[in-house]
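These are the residues of each chain, in order.
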Amino acid sequence: MRTLGILGGMSWESSAHLYKLLNQGMAARQGGLHSARLILHSVDFAEIEALQRSADWADAATLLGRAGAGLKAAGAEGLLIATNTMHKVADEIEALSGLPLIHIVDGTAAALRAVGVERAGLLATAYTMEQDFYRGRMARHGIELLTPDASGRAEVHRIIYEELCLGRIVDASRRFYEQQVAALAAAGAQAVILGCTEVCLLLDPVTASTPVPLFDSTSLHAQAALDWMLAAPQSKPPVGDLNL
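Residues numbered from 1 in each chain as written. Predicted model: local features only at pLDDT ≥ 70, side-chain atom pairs only at ≥ 80, totals over all residues. Heavy atoms only, no water.

Digging into the sheet that holds strand β7 (residues 214-216)
Rules: At least two bridges found by DSSP between two strands are what make those strands a pair. Put simply, DSSP marks the helices as runs of H or I at least four residues long and the strands as runs of E at least two long, and each gets a number from the N terminus on. Here an angle of 0 to 180 degrees is reported between the N-to-C directions of two axes, which are lines fitted to C-alpha atoms, with helices fitted over the stretch in contact.
What the 4 strands build is an open sheet, ordered β5-β4-β6-β7; its pairing is parallel. The two strands at the open ends of the sheet, each matched to only one other strand, are β5 (144-146) and β7. Each strand axis lies, on average, 35° off the axis of its neighbour in the sheet, ignoring direction. Examined bridge by bridge, strand β4 (residues 119-123) and β5 share 3 bridges and lie parallel to one another. Looking across to β5, one finds that Gly121 is bridged to Leu146.

Overview of the packing of helix α1 (residues 12-30) against helix α10 (residues 217-229)
The criterion, for reference: Note on angle classes: values under 35 degrees are labelled roughly parallel, values over 145 roughly antiparallel, values of 65 to 115 roughly perpendicular, and the remainder oblique. Put simply, a crossing is left-handed when the front helix is turned counterclockwise from the back one by less than a right angle, and right-handed when it is turned clockwise. Two residues form a contact once any of their heavy atoms are found within 4.5 Å. Gly is put with the polar residues, along with every residue not named as nonpolar or charged; the nonpolar set is Ala, Val, Leu, Ile, Met, Phe, Trp, Tyr, Cys and Pro, and the charged set is Asp, Glu, Lys and Arg.
Interaxial distance between α1 and α10 falls to 9 Å at its minimum, and their mutual angle equals 45°. The angle between α1 and α10 falls in the class oblique. Where α1 crosses over α10, the handedness of that crossing is right-handed. Of the residues in α10, those in contact with His17, Leu18, Leu21, Leu22, Gly25, Met26 and Arg29 of α1 are Thr218, Ser219, Ala222, Gln223, Ala225, Leu226, Asp227 and Met229. Across the contact of α1 with α10, the residue classes tally to 8 nonpolar, 5 polar and 2 charged.

Some words on the pattern of salt bridges
Two side chains carrying opposite charge are able to pair once their charged atoms lie near each other. As a reminder, the rule being used: A pairing counts as a salt bridge when a side-chain nitrogen of Lys or Arg comes within 4 Å of a carboxyl oxygen of Asp or Glu.
In this structure the tally under the stated criterion is 9 salt bridges. Two residues, Glu162 and Arg158, come together in a salt bridge whose shortest N-O distance is 3.2 Å. Of this pair, Glu162 and Arg158 both sit in helix α8 (residues 150-162), 4 residues apart, which is roughly one turn of the helix. Taken together, the shared-partner salt bridges in this structure form one network comprising Glu155, Arg158, Glu162 and Glu163.

Observations regarding the confidence of the model for the chain
Short version of the rule: Confidence scores labelled pLDDT are given residue by residue by the predictor and lie between 0 and 100.
Looking at the chain, pLDDT values average 92 and 95% of them are 70 or higher. Contacts of residues 238-244 to residues separated by more than four positions or lying in other chains number 18 contacts, the stretch itself having pLDDT below 50.

Rendered as structure tokens:
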């Protein structure tokens, strides 16, 4: 088993869930008392959120890249960024850390392509829904993304930062998210991506009542990480069929 470095804390609520998924997954694959070999750097999310809000992505990349370099020095052999939004600066973080990166979009796209989805809805932070870093990488996998309208995007974003990142699960917000899924399906989405690592805390892909299937980026990221941790040492993190 290779050692995985995790840049977490964005938010710690979703990082705790990811930590559980990785260890449960390793136990399921390896049996017995096996658990995942992990090194976690958990940042102060208030600092990252302030940089997001001020569009200071360069400083955010430097902060996380240096943290990644620390994970490498501590023995990590690969890197996972435990948030969708900060994949905006994934290339910079990977370069600064010196570690191969397991990209969250690639594992999600591979799962969508495996069942023939070419058009998917996206529920995520406003940064992820409105900027090109996520949409563009999905397009390179042959997947078109649909998002809610402007007011819907604003409310999806608000719920993430003001509720889910603080551990607040509100029934009215769950109903709102379900309504957004239905609207995306009506607009032609064949599936909906839970494209923020906190959204699965509100909408369970297994039990949610939605007209199209939900693809949880957090659990798919965890599965891709487990694949890499148990792969042959010479292999690289999965990137689907992209020629990167």
